[in-house]
Amino acid sequence: LNRRLAEFGTTIFAEMSALALRTGSINLGQGFPDTDGPEEVREAAVRALRDGRGNQYPPGPGIPELRTAIAAHQERRYELSYDPDTEVLVTAGATEAIAASLLALLEPGDEVIAFEPYYDSYAACIAMAGGKRVPVTLRPHEGSFRLDLDELRAAVTDRTRLLLINTPHNPTGTVLTREELTAIAELAVERDLLVVTDEVYEHLVFDDAEHLPLATFPGMRERTVTIGSAGKSFSFTGWKVGWVTATPALTTAVRSAKQFLTYVASGPFQYAVAEALALPDSYFSAFRADMLAKRDLLATGLAEAGFEVFKPAGTYFITTDIRPLGETDGFAFCRALPERAGVVAIPNAVFYDHREAGAPFVRFAFCKQTGVLEEAVKRLKALA
Ligand code: PMP
Ligand code: GLN
């Protein structure tokens, strides 16, 4: 393994899902729903397979039907207009969109600012691109993890090329506010930075939180690569359909890298996702309501079990602090939890450069059936 990748072992998600299987534990670690997305979307995939649509290489940028549907979705929800032919790119999940964006846009030595804790592929992809990651730590403040805007401004140097943003944020569940996004946008414009924004949880925002795409802020459309995922928006994480929307120049750049990573992927599923994106708003509101009920169930249960709970405004993850349980090391806690309670969770420290800053935090996924969450809560309450 080369030096760029040496610090990255097996991803925590593979490790923890294997541990869940091995111990027969309830897996609240890796974020994937245990119920599949809409029946009619699955039917659309079956029809595509059967009719021979997408069984051979689809077009490099993605099938036109899907690119059109992605553009229509951005227009309908956010009044962001993108040309399906030049400003939309279909990728093998958001994961490839992140990798291709960083590989395409960074020169070796360029600095990338990302919030810490960050989704684990960010660090590895920045490293593969030869970039240098500069983490800005989100810190607990009145019940949620917040950004210190002064710290963000101070992190920008002459070598900073790109801000890698994620809202709604995995693993903390923070949804950046209009004020925070305005400040980020102003900084990007002032320092002439590119922005890659991972918005895969765009449909999962709760209570009075609102998802505001960075590309809608003044001066941002021309410098922003926006990333979405059918895995997250429609509960088909195994299909690996993601996308990028950006200016023609940025889209072409990302595509240049993408064509040598997978070239194309997920042929028949692209047809199905095109139909999914056209689902009425009632699909998205029902999805959100379902996840909200699950969030409340798990948040209440975890609090009753003695965890400090950071109630998420978005995503399908809850970050907790284990110190009220008399624990301090999330790694040790998560490694022991399957034996102690038959539950798997993720230590947030893996998402930090400053591991000590993340040590007491543990993430639980609530995208699981109600009965599964209830059983997990019962087991966790028995820990005390
Ligand atoms: N970004 C974030 C923040 C995620 O949590 C995930 C995991 N779903 C991804 C990207 C990857 O998405 P995909 O499964 O579409 O590759
Ligand atoms: N995004 C999911 C999570 O955060 C997992 C994706 C993966 O397994 N790489 O749990």
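- Under an unreviewed UniProt entry, the name given to the protein is Pyridoxal phosphate-dependent aminotransferase, and the organism recorded is Streptomyces cylindrosporus.
- UniProt's Cofactor (unreviewed entry) comment on the protein is quoted here verbatim: "pyridoxal 5'-phosphate".

1. Looking at the UniProt feature "domain: Aminotransferase class I/classII large" (unreviewed entry) in the protein
Move 1: According to UniProt, the feature "domain: Aminotransferase class I/classII large" (unreviewed entry) maps to residues 26-380 in the numbering used here.
Move 2: Regarding residues 26-380, the helix share stands at 41% and the strand share at 18%, and the terminal C-alpha atoms are separated by 11 Å.

2. Observations regarding the site of ligand 1
Move 1: Of all residues adjacent to ligand 1, which total 14 residues, the nearest are Gly93, Ala94, Thr95, Ser229 and Gly231.
Move 2: Contributing elements (two or more residues each) for the shell around ligand 1: helix H4 (93-105) and helix H8 (230-234).
Move 3: Looking at the shell around ligand 1 element by element, the count peaks at three residues for H4.
Move 4: In the shell around ligand 1, the residues fall into three nonpolar, nine polar and two charged.

3. Brief notes about the domain arrangement of the protein
Move 1: Here the protein is described as being made up of domain 1 (12-37 + 282-381) and domain 2 (39-277).
Move 2: On the domain 2 side, the residues contacting the 32 residues of domain 1 number 32 residues.
Move 3: Mapped by element, the contributors of at least two residues to the side of domain 1 that touches domain 2 are helix H11 (281-304), strand S12 (317-321) and helix H13 (355-358).
Move 4: The residue inventory of the side of domain 1 that touches domain 2, partitioned by class, reads 18 nonpolar, eight polar and six charged.

Rules used throughout
- Residues numbered from 1 in each chain as written.
- Chains lettered and ligands numbered in written order.
- Predicted model: local features only at pLDDT ≥ 70, side-chain atom pairs only at ≥ 80, totals over all residues.
- UniProt positions renumbered as here; feature names shortened; annotations may be inferred.
- Helix = DSSP H or I, 4+ residues; strand = E, 2+ residues; numbered from the N terminus.
- Near = placed C-beta within 6 Å.
- Nonpolar A, V, L, I, M, F, W, Y, C, P; charged D, E, K, R; others polar.
- Domains from an automatic or database assignment.
- Contact = placed C-beta atoms within 7 Å.

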